[in-house]
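A look at the structure
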Amino acid sequence: MNTQTSQPIPKVYGWCPGALRPMMSGDGLVVRIRTPLGRLSQKQAKAIAALSQHHGNGLIDLSARANLQLRGISSQSHGAVIAGLQDLGLLDQDAAKESRRNILLTPFWQPGDASHSIARSLERALNAAEDLVLPGKFGFVVDAGAQPHLQNCAADIRIECCGDTILLVADGAQTGCPVTVETAAEAALDLARWFLDHGGAAQGRGRMQALTARRAAPLSHSSPRSSSTPQPSPGMTASGQLVALEFGQITAEAFATLADNGPLRLTPWRMILVEDAQELATVPGVILDAADPRLQVRVCTGAPGCLQARAATRDLARDLAPHVPKGQILHISGCAKGCAHPGPASLTLTATATDTFDLIHHGKASDQPSIETLSASALRAAPDILTEGS
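Anyway, here's the lowdown on the structure attached to this text. (Residues numbered from 1 in each chain as written. Predicted model: local features only at pLDDT ≥ 70, side-chain atom pairs only at ≥ 80, totals over all residues. Heavy atoms only, no water.)

Comments concerning the layout of surface pockets
Space inside the second largest pocket adds up to approximately 170 Å³. Per-element accounting of the lining of the second largest pocket gives the leading share, four residues, to helix H4 (residues 114–128). In the lining of the second largest pocket, the residues fall into four nonpolar, three polar and five charged. (1 Å grid on protein atoms, 1.4 Å probe; cavity = no way out; pocket = protein on both sides within 12 Å on 5 of 7 lines; lining within 4 Å. Points joined across faces, edges and corners; volume = space filled by probe spheres on them. Helix = DSSP H or I, 4+ residues; strand = E, 2+ residues; numbered from the N terminus. Nonpolar A, V, L, I, M, F, W, Y, C, P; charged D, E, K, R; others polar.)

What follows is the structure, given as structure tokens:
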């Protein structure tokens, strides 16, 4: 089993940025937009692109919670960004409401279906729950379609389907409690209160899975969950065309170009669903081909964009992507936190100094390396070293 390395421990903030509570990074403030229902109209998307160009560095991230992040926002321009988001109807009343409204909705919802209806009810319930002070990373998933698509996405409370039954699931459990479209939201809030009442966040931090490992959640009449479906690939769907963003990032100009084709739905797979689109033209940084090797790479912002990153990551990711064996994942992390891919990967490169990386086989960014202190130039010159001895 891999053991921890002795490299410096990166700072763990324990909360995620928002629009009202941005986080400072190496390239300025990161302003996260929690888009209601994960959908942007064409007008909203184009306006966000304009905010990024005028007040940031023109780069937009798509997070694993299907949220947008505007990068490079200065402290002086933050107020203008907030005003712009308010005009677009994308701003909460205060940071507490913004933090509670941490809902990941399946991108394949249809207006008025179970997922859509439950997510709207849950948004309203969370907005009104002034007593509910949850950890900053505590999140909900609403995935009540015929087949669940989000079981591999991080969440604390899940609302998903198994056959014709809607289940409320505490993360870490293999069964769930049957609920209805009408009762799901309040039942989810009751489960969140149980989490708090039973010490799930004793010091303001904590996750449901850690609590359910110690004690079973109070969900009566439990039913087994259905099996998860594979993560979708870029291509056509019943709702439009699904496209991937190179390493989860897109320029503001390219984002606006995508919006020319239709409203945008954000996904937790660093992909965007362009509603009703057919055969999109090539857009820089947008991946249309399901066989593109960049889809096998997970990479963080890296230096200098992240204050904790010890090396640049993205150019190296582009160079190494064609050399990743089919079916494997390469994770390149600027530090031991491994934000881009918290779990184990087939191949992991963790930066330890400027342009220097440790190589880890079948492990996380913080695990004991198989090979230490590989230079970026050596990796580019001999990429086969990635798989030697694996």
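Side note on the sheet that holds strand E11 (residues 223–224)
Overall, mixed pairing links the six strands, which are arranged E6-E7-E8-E9-E10-E11 in an open sheet. Each of the sheet's edge strands pairs with one partner strand only, and the pair in question is strand E6 (103–105) and E11. Across three bridges, strand E9 (residues 165–170) lies against strand E10 (residues 175–179) in antiparallel orientation. Counterpart to leucine 167 in the pairing with E10 is proline 178. (Pairing = 2+ DSSP bridges.)

Section: helix H5 (residues 184–197)
Here H5 spans 20 Å end to end across 14 residues, near enough to the 20 Å set by a 1.5 Å rise per residue. For H5, the full list of buried residues reads Ala184, Ala185, Ala187, Ala188, Leu189, Leu191, Ala192, Trp194 and Phe195. As for H5, its buried residues are in contact with H4, strand E7 (140–143), strand E8 (157–162), E9, E10 and helix H6 (208–212). (Expected span 1.5 Å × (residues − 1). Buried < 20%, exposed > 50% of the residue type's maximum accessible area, 1.4 Å probe, protein only. Contact = heavy atoms within 4.5 Å.)

Quick look at the pairing of strand E2 (residues 28–33)
With six of six residues buried, E2 lies mostly within the body of the structure. In this structure, strand E1 (residues 23–25) lies alongside E2, joined through three bridges in antiparallel fashion. Considered in E2, the bridge of serine 25 is made with glycine 28. Remark: two residues form the turn of the hairpin made by E1 and E2, two consecutive strands paired antiparallel. Alignment of E2 against strand E5 (residues 68–73), held across four bridges, turns out to be antiparallel. Bridge pairing in E5 links valine 31 to leucine 70.

Some points on the pattern of salt bridges
This structure, assessed with the given rule, holds 18 salt bridges. Where aspartate 319 meets arginine 380, a salt bridge forms, and the shortest distance between an N and an O atom there is 2.5 Å. In this pair, aspartate 319 is assigned in helix H8 (residues 314–320) and arginine 380 in helix H9 (residues 376–381), connecting sequence segments 61 residues apart. When its relative accessible area of 37% is taken as the criterion, arginine 380 is described as partly exposed. Here the salt bridges share partners, and the residues they tie into one network are Glu246, Asp292, Arg294, Asp315 and Arg318. (Salt bridge = Lys/Arg side-chain N within 4 Å of Asp/Glu carboxyl O.)

Distances and angles like these do not, on their own, reveal function.
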